[in-house]
Amino acid sequence: MLTKPKISIQSAFEQQSTKAQKEYHTRLLASLHYIRYRLHQGLPTRGHDESQESSNKGNFLELLEWLAKHNEEVDKVVLKNAPKNLQVTSPSIQKDIIHTCAKETTKHIIRELGEDYFAILVDESADVTHNEQMSLCLRYVDKKGDIVERFLGVVHVVDTTALSLKKAIYSLLAEYSLSPSKIRGQGYDGASNMKGESNGLKTLILKETTSAYYVHCFAHQLQLTLVAVSKKSIDCGWLFEILTNLLNVIGVSCKRKEMLREAQAQKVSQAFDDGKLESGKGLNQELSLGRPGDTRWGSHYKLIVNVISLYPVICRVLDKIGDVSSSSDDRLKADVVGYSLESFDFIFMIHLMKIIFGVANDLNKTLQRKDQDIVNAMALVTLTKQRLQQVRDNGWEPLLSSVIEAPNMEDVYVPTGRKKHGKLHTTNLHHFRIEVFVEIIDLQLQELKNRFDEVSMELLVNMASLSPVDDFKSFDKEKVIALAKLYPSEFSSVELVRLGDQLDNYIYDMKKDDIFQGLKDLKELSKEMVRSNKDKVFDHVYLLIKLVLILPVATTSVERAFSAMTFVKNKLRNSMGDQLLNHCLVTYIEKDVFSKVSDEVIVTHYQNISNRRQHL
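Residues numbered from 1 in each chain as written. Predicted model: local features only at pLDDT ≥ 70, side-chain atom pairs only at ≥ 80, totals over all residues. Heavy atoms only, no water.

**Student:** Please clarify how the confidence of the model for the protein should be interpreted in this entry.
**Tutor:** A low pLDDT means the predicted coordinates there should not be read in detail. Here the protein averages 83 in pLDDT, and 87% of its residues register 70 or above. In this model, residues 8-15 is a region of pLDDT below 50 whose contacts with residues beyond four sequence positions or in other chains number four contacts. (pLDDT = per-residue confidence, 0-100. Contact = heavy atoms within 4.5 Å.)

Take a look at the structure:
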């Protein structure tokens, strides 16, 4: 036995090993912290030239160098002070860390879901390299009783047939041990490969899981309603044709856009001088004429509002374009658009559509909330119909009084720069009130009825019986039981009897308990039941409430995922592979979940996915 064991060879090796482990751990954490930052912001890591002589080595190495300069402990163990074969900076190491971050983020989501039921939200879109990508989100009720929508992943699909999409969905679910038998809702857009009655994705999944009810995205249906009106009404179509021509004339060059900005600034400056405007944070923001899109919900309403606000400025700019333009074609286009804008037809139509789109805009914004429940969405659709009917019955006089220089309503109507369709000898009153005002609102009401025909389904009608609004005024025991019968896997004949008995106690308890008074929707009811442990007392009722909340209202979470994809995989990063794209999207979109995953969990996972040179 050695008389001085502390200086033995074995002890020296152990000390060296402990020191190397600590240095490696510090080095690994430094790389991980940067990659966390990069994933959180959706930034690239690699540089075009990562050599020592490069003045820009890319985000990863540049930030690591900056961190080393400002942290002496890190500087001792990274980059040039690290072993050449253990610097933890290579592209493959970066990808492994990103892979680990994404997997642990998704694990956190799967643990939150547990063995509970969920709905799927699916859409497909092409990325910057024109690869077709399918995005999948999950919607479920968490342990606190709140509605949650989480991004699960994006998958490259060769084609977008229903069979291919179903295979991709099931493959992604299987990767995370999620059973398709737990699907209790489907949310897609209205494409035939999605909602087709015979071979659509909806039907294929329903054949295997009969309670996976499909709901066409409410926000998408509302946008289709607005677009349908512009296509069916000649006058409405003419308005949007003029707006398109206006955008083409003013937005054709940066010079003309600058003319609009200058004219707008002059108007605001003059208004300040005249004392008509007040200065302050958020006031008098510069307005622009963005081109609307059928899939950018709310963009048509924004354009209409901005055109009305900038109307005098736009007319002045069109006159200036006609005066200074060297091209006779440009002058002609500016004159034609300017002539149309000054007509009563245009002024009347744009104010009418502002009212109609304004009524629908509140519903539009509300439907895009992640936590919106379907019962509340149905009530909002009904409210929108009622508001439109109210405008039809009582809105003519207020609209006419808001439009200046109205023509004599008893005169014969003469169209502005276009052919008159229908009766040739009609008065202005008949044309604007009957052929335009009433007809367009009727078209809107009819389209809302047609697009939201699912609201009349037995499933959705019975759901309203669970609503806590007005102190459970809509509660109907028979309808609740009828709703439960639509979920035979959860409610057998025996369970239905228990549900019936439980409902009597449930409604009595809800009405007498003060904490359940004044609730606005099912989401608030669900959260209060969990908070007061009533979800365990009335477990059958709470299960039914969860099944209703799971049904998706809108697919905005999937749309936001594609917006994130265009940011993460852009023209400068177009060589990104599908797996890396998916991992970056998971951590970027679900950054709130990613931030909850500890460094040590990620480090442990990273160490175990491959045989590392250094062990911790």
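**Student:** Teacher, can you tell me more about the packing of helix H11 (residues 299-309) against helix H12 (residues 311-324) here?
**Tutor:** Remark: H11 packs on H12, axes separated minimally by 4 Å, with the N-to-C direction vectors making an angle of 75°. It follows from the interaxial angle that H11 and H12 lie roughly perpendicular. For the pair H11 and H12, the contacting residues are Val307, Ile308 and Ser309 in the first and Tyr311, Pro312 and Ile314 in the second. In terms of residue class, the contact of H11 with H12 is made up of five nonpolar, one polar and no charged. (Axes fitted to C-alpha atoms, helices over the stretch in contact; angles between N-to-C directions. Helix = DSSP H or I, 4+ residues; strand = E, 2+ residues; numbered from the N terminus. Parallel < 35°, antiparallel > 145°, perpendicular 65-115°, else oblique. Nonpolar A, V, L, I, M, F, W, Y, C, P; charged D, E, K, R; others polar.)

**Student:** When you look at the packing of helix H14 (residues 344-367) against helix H17 (residues 428-451) in this model, what are you seeing that I'm missing?
**Tutor:** How two helices sit against one another is set out by the angle between their axes and by the gap between those axes. Where H14 meets H17, the closest approach of the two axes is 11 Å, and the angle between their N-to-C directions is 30°. Between H14 and H17, the interaxial angle falls into the category roughly parallel. Two packed elements cross with a definite hand, and for H14 against H17 that hand is right-handed. In this structure, H14 uses Phe344, Asp345, Phe348, Met349, Leu352, Met353, Ile356 and Phe357 to contact H17, whose residues at the interface are His431, Phe432, Val436, Phe437, Ile440, Ile441 and Gln444. Residues of the contact of H14 with H17, tallied by class, amount to 12 nonpolar, two polar and one charged. (Left-handed = near helix turned anticlockwise from the far one by under 90°.)

**Student:** Any chance you could explain the side chain of Gln502 here in plain terms?
**Tutor:** By secondary structure assignment, the location of Gln502 is in helix H21 (residues 493-512). Ignoring sequence-local partners within four residues, the contact set of Gln502 consists of Val537, Phe538, Asp539, His540 and Val541.

**Student:** I would appreciate a short explanation of the sheet that holds strand E1 (residues 118-126) in the present structure.
**Tutor:** Strands belonging to one sheet form pairs held by backbone hydrogen bonds; the direction of such a pair is parallel or antiparallel. Spatial strand order, E3-E2-E1-E4-E5: five strands in an open sheet with mixed pairing. The sheet is open, and its two borders are formed by strand E3 (147-156) and strand E5 (214-216), each paired with just one other strand. With direction set aside, neighbouring strand axes in the sheet form an average angle of 25°. With four bridges connecting them, E1 and strand E4 (residues 183-188) associate as parallel partners. Residue Ala119 lies in a different strand from E4, and its bridge partner there is Gly185. Each of strand E2 (132-141) and E3 is contacted by helix H26 (residues 578-589), which is oriented at about 165° to E3, the strand it contacts most. (Pairing = 2+ DSSP bridges.)

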